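This is what each chain is made of:
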Amino acid sequence: MNELFGALGYLIPLALLFLLFASGVRIVTEYQNGVVFRLGRFVGLKRAGFRWLIPFIERMVIIDLRTVARDVPPQDVITKDNVSVKVNAVVYFRVIQADKAVLQVEDYLYATSQIAQTTLRAILGQVELDELLSQRERINHELQQVLDARTDPWGVKVSNVEVKHIDLPVEMQRAIARQAEAERERRAKIIAAEGEAQAAEKLAQAADVLSRNPSTLQLRYLQTLVEITGGGNHTILPIPLDLIRAFGAVAAQPPRPEPSRRDSGEEDEDALPGAGLS
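Residues numbered from 1 in each chain as written. Predicted model: local features only at pLDDT ≥ 70, side-chain atom pairs only at ≥ 80, totals over all residues. Heavy atoms only, no water.

(A) Highlighting the sheet that holds strand β6 (residues 68–78). Across the sheet, three strands lie side by side as β6-β7-β8; this open sheet has antiparallel pairing. One side of each edge strand has no neighbouring strand; the edge strands of this open sheet are β6 and β8 (156–167). Geometrically, the sheet is characterised by an average inter-axis angle of 25 degrees between neighbouring strands, direction not taken into account. Lying over the sheet, helix α3 (residues 108–124) contacts β6, β7 (84–95) and β8, oriented at roughly 35 degrees with respect to β6. Contacting β7 and β8, helix α5 (residues 136–151) crosses the sheet at an angle of about 140 degrees to β8. (Pairing = 2+ DSSP bridges. Helix = DSSP H or I, 4+ residues; strand = E, 2+ residues; numbered from the N terminus. Axes fitted to C-alpha atoms, helices over the stretch in contact; angles between N-to-C directions. Contact = heavy atoms within 4.5 Å.)

Structure follows, in C-alpha cells:
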C-alpha cells in the first residue's frame with residue numbers, strides 16, 4: 001500500500017504539470033498571426049507554427065491575414081445632378097498589421113464595412129449620373145484610395161473596391177433609352193448625309209470625265225440599256241444621242257424678241273403702194 005501511495009504521489013504532480021503544459025499549447029497556421037497579451041499588456045506577435053503560452057497569464061488573439069471580400073449593402077445615393085439611385089459594391093481588404101487590428105479598433109471587419117458604406121455615399125454624391133455610368137474605373141480607384149487611407153491606422157489594407165450594381169428609377173431608364181435612341185438617329189442621319197456628299201462628289205468627277213470624250217458617254221448609254229434589259233423582257237426604243245443633243249441645243253436657244261406694234265405699223269405704211277409719192 002505504501003508503494004502504491006508513493007507512486008500516486010509522483011503521478012499526480014506529473015499529470016498536473018502535463019495538463020498545465022497542454023493548456024498553453026497553441027498552433028498558429030500560415031495565414032494567421034497571434035497577438036499575445038500578458039496580464040493584459042501587449043507583448044508581441046506569434047507567427048505560424050507551434051507556440052506555447054503561460055497558462056492563466058498569457059492570452060493570444062488570432063487574426064486572419066487572408067483577403068476578405070465584403071458586400072456593401074445597397075445605399076440610397078443622390079448624385080450631383082440630383083438623381084436618386086441605389087448602389088451596392090464589394091470591398092476587398094486584408095490585415096497587414098495584426099497588432100493594430102486588435103489594439104486600435106474593436107472589430108475591424110464591422111468597422112471597415114461601415115466606413116465603406118459612408119464613403120460610398122460620400123464619393124458618389126459628388127459625381128453626376130453620366131460620370132457614374134461611364135467612368136466606373138475612376139470612381140472605383142477613388143473609393144479604394146479613400147478607404148485605404150481611412151483604414152490604414154487599423155492595419156487594414158484595402159486592395160480593391162468595385163461598384164457592382166446601379167439601380168436607376170424607371171423614369172430615368174426611359175429617359176436614357178430615349179436619349180440613346182435620339183443619338184443613334186443623329187448618327188444615322190450624319191452617316192447618310194456624308195454618303196450623299198461623297199456620292200455627289202464622285203458623280204461630279206464622273207461627269208467631268210465623260211464630258212472630256214463624247215464617246216465615253218455613248219458607251220455609258222449603251223451599258224445602261226444593257227442593264228435595263230437584263231432584268232427581264234423589256235421593249236427598248238433606243239434614241240441616238242445626237243438627236244438628244246440637237247433637241248437640247250434647240251431648247252437651250254434664247255427666244256427671238258417679237259417686233260413691237262409701232263415698228264410693224266411703220267413697215268406696213270412703207271409697204272403700201274404709192275407710198276412716198278407726192
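(B) Highlighting the pairing of strand β2 (residues 32–38). Among the seven residues of β2, six are classified as buried, and the element is accordingly described as predominantly covered. With seven bridges joining them, β2 and strand β5 (residues 58–64) adopt antiparallel strand pairing. Across the sheet, residue Gly34 finds its bridge partner in β5, namely Ile62. One ladder, built from five bridges, connects β2 with strand β3 (residues 41–46); its direction is antiparallel. (Buried < 20%, exposed > 50% of the residue type's maximum accessible area, 1.4 Å probe, protein only.)

(C) Representation of the nonpolar core in the model. Of all hydrophobic cores here, the largest spans 36 residues; its most connected members are Val85, Val87, Val91, Tyr108 and Leu132. Broken down by secondary-structure element, the contributors of at least two residues to this core are β2, β6, β7, α2 (98–103), α3, α4 (129–134), α5 and β8. With seven residues, the top contributor of residues to this core is α3. (Core = buried A, V, L, I, M, F, W, Y, C linked by side-chain atoms within 4.5 Å.)

(D) Looking closely at a nonpolar patch on the surface. Among the surface-exposed residues, Leu11, Leu14, Leu17, Leu20, Phe21, Ile27, Leu39, Phe50, Trp52, Ile54, Phe56 and Ile57 lie close enough to one another that they form a single nonpolar patch of about 1300 Å² accessible area. Of all the elements in the fold, those that place two or more residues in the nonpolar patch are α1 (2–23) and β4 (49–52). Looking at the nonpolar patch, the element that brings in the most residues is α1, giving five residues. Note on placement: Ile57 falls in the loop between β4 and β5. (Patch = residues over 30% accessible without salt bridge, like charges linked within 9 Å, V, L, I, M, F, W, Y side chains within 5 Å. Areas by Shrake-Rupley, 256 points an atom, 1.4 Å probe, with all protein chains shown as cover. Salt bridge = Lys/Arg side-chain N within 4 Å of Asp/Glu carboxyl O.)

(E) Highlighting the environment of Leu39. Along the chain, the position of Leu39 falls in the loop between β2 and β3. Its relative accessible area of 69% is what places Leu39 among the exposed residues. Spatially, the C-alpha atoms of Leu39 and Arg59 are 8.0 Å apart, while their sequence positions differ by 20 residues.

(F) Expanded view of the pattern of salt bridges. Enumeration over the complete set of coordinates arrives at eight salt bridges. Note that Asp71 and Lys164 form a salt bridge whose closest N and O atoms lie 3.2 Å from each other. Here Asp71 is found in strand β6, whereas its partner Lys164 is found in strand β8, with 93 residues between them in sequence. Residue classification places Asp71 among the exposed residues on the basis of a relative accessible area of 52%. For Lys164, a relative accessible area of 44% puts it in the partly exposed group. Between Arg187 and Glu183 there is a salt bridge whose closest N-O contact spans 3.2 Å. Of this pair, Arg187 and Glu183 both sit in helix α6 (residues 170–212), four residues apart, roughly one helical turn.

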